[in-house]
Amino acid sequence: MLAKRIIPCLDIKDGRVVKGINFLSLRDAGSPVEMARLYSELGADELVFLDITATVEKRKNLASLVRDISENISIPFTVGGGIKSVDDAYDVINSGADKVSINSAAVRRPSLIDELAGTFGSQCVVLAADVRRSTEHESGYEIVIDGGRRRTGIDALSWIKEAEGRGAGEILLTSMDHDGTKNGFAIDLNSRISSNIDIPLIASGGAGKMDDFYDVFTEGRADAALAASVFHFHEIDIMELKRYLKSRGIAVRI
């Protein structure tokens, strides 16, 4: 059985780590380099860095900050935000990222997934899908882009399956409705998506207590769980979480 992964997420705005609720009301959480180093030391399996305003501000990712973080960690590192081309991905990977995460740019130009997978391999391509509930769509969820600011009218499951077919190697699935609420992951959503794809699924949005991670790994069928505020503000210790999960029969790396 493959070990389940615990992944802290650094949402970056103006060079600082921030965290909000439902993508709004952002508050400062600290220095990205210091936090990344700490997570690497404390047992995180991977790290995700998302430059959350790069797309809206129509600029490239913060390559220099990516480089500083990569030099201070020893775990796999995924970077997203502002990646619209193979050249943008080269810049991020050359700065130390192991994988690139694409979201809005892929929705606007789906062939970007094919290009990145063809250049770097599917293992380097993470399709980030931000979704919100929608009774108008078959899966019950709609894709949203531009940091949750824009509805697309695209069914979440249809888009994720298309992305897998185009070469995405992993899905980072964020429930905008659950983001920052600490009321638990969107179990039904994650289970539905995971049951319909053959690539790993990272669940994001809603972690508040250790039981939430257990639930998303079992009922939600996720391969990894991503969280921010519960780690940033020291509400859950990563190694304590892993020991708890192991005691309940979840395979984790300790």
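Parameters at a glance
Residues numbered from 1 in each chain as written. Predicted model: local features only at pLDDT ≥ 70, side-chain atom pairs only at ≥ 80, totals over all residues. Heavy atoms only, no water. Helix = DSSP H or I, 4+ residues; strand = E, 2+ residues; numbered from the N terminus. Contact = heavy atoms within 4.5 Å. Polar contact = N/O pair within 3.5 Å; in protein donor to acceptor, adjacent residues only side chain to side chain. Buried < 20%, exposed > 50% of the residue type's maximum accessible area, 1.4 Å probe, protein only. Pairing = 2+ DSSP bridges. Right-handed = clockwise from strand over helix to strand, strands pointing away. Axes fitted to C-alpha atoms, helices over the stretch in contact; angles between N-to-C directions. Parallel < 35°, antiparallel > 145°, perpendicular 65-115°, else oblique. Left-handed = near helix turned anticlockwise from the far one by under 90°. Nonpolar A, V, L, I, M, F, W, Y, C, P; charged D, E, K, R; others polar. Salt bridge = Lys/Arg side-chain N within 4 Å of Asp/Glu carboxyl O.

### A word on the environment of Ile 236
Working step 1: In this fold, Ile 236 is placed in the loop between helix 9 (229-232) and helix 10 (238-247).
Working step 2: Spatially, the C-alpha atoms of Ile 236 and Gly 208 are 8.4 Å apart, while their sequence positions differ by 28 residues.
Working step 3: Every residue in contact with Ile 236, bar those within four places of it in the chain, is listed here: Gly 208, Lys 209, Met 210, Phe 213, Val 230, Phe 231 and Leu 241.

### Quick look at the side chain of Ser 31
Working step 1: Within the fold, Ser 31 resides in the loop between strand 3 (24-30) and helix 1 (32-41).
Working step 2: Reaching out from Ser 31, the side chain makes a polar contact with the backbone nitrogen of Glu 34 at a distance of 3.3 Å.
Working step 3: Other than its neighbours up to four places away in sequence, Ser 31 contacts Arg 16 and Val 17.

### Looking at the pairing of strand 11 (residues 201-204)
Working step 1: Across the two faces of strand 11 the burial is the same, with Leu 201 and Ala 203 and Ile 202 and Ser 204 all buried.
Working step 2: Where strand 10 (residues 170-175) lies against strand 11, 4 bridges are found, and the strand directions are parallel. Its bridge partner being in strand 11, Thr 174 is matched across the sheet by Ser 204.
Working step 3: In this view, the connection linking strand 10 to its parallel neighbour strand 11 by way of helix 7 (residues 187-194) has right-handed handedness.

### With respect to the packing of helix 1 against helix 2 (residues 63-70)
Working step 1: Contact geometry for helix 1 and helix 2: axes closest at 9 Å, N-to-C directions at 30°. Regarding the angle of helix 1 to helix 2, the classification is roughly parallel. By crossing handedness, the relation of helix 1 to helix 2 is classed as right-handed. Taking contact as the criterion, the partners of Pro 32, Val 33 and Ala 36 in helix 1 are, on helix 2, Leu 65, Asp 68 and Ile 69.
Working step 2: For the contact of helix 1 with helix 2, a count of residues per class yields 5 nonpolar, no polar and 1 charged.

### Observations concerning the pattern of salt bridges
Working step 1: Under the defined criterion, the tally for this structure stands at 17 salt bridges.
Working step 2: As a salt-bridge pair, Glu 170 and Arg 5 come within 2.5 Å of each other at their nearest N and O atoms. With Glu 170 in strand 10 and Arg 5 in strand 1 (residues 5-13), this pair connects stretches of sequence that are 165 residues apart.
Working step 3: Since its relative accessible area comes to 5%, Glu 170 is described here as buried.
Working step 4: A salt bridge links Lys 99 to Glu 46, with the nearest nitrogen and oxygen atoms 3.2 Å apart. Placement of the pair is Lys 99 in strand 6 (residues 99-102) and Glu 46 in the loop between helix 1 and strand 4 (47-51), with a sequence separation of 53 residues. Residue Lys 99 shares its accessibility class with Glu 46, and that shared class is buried.

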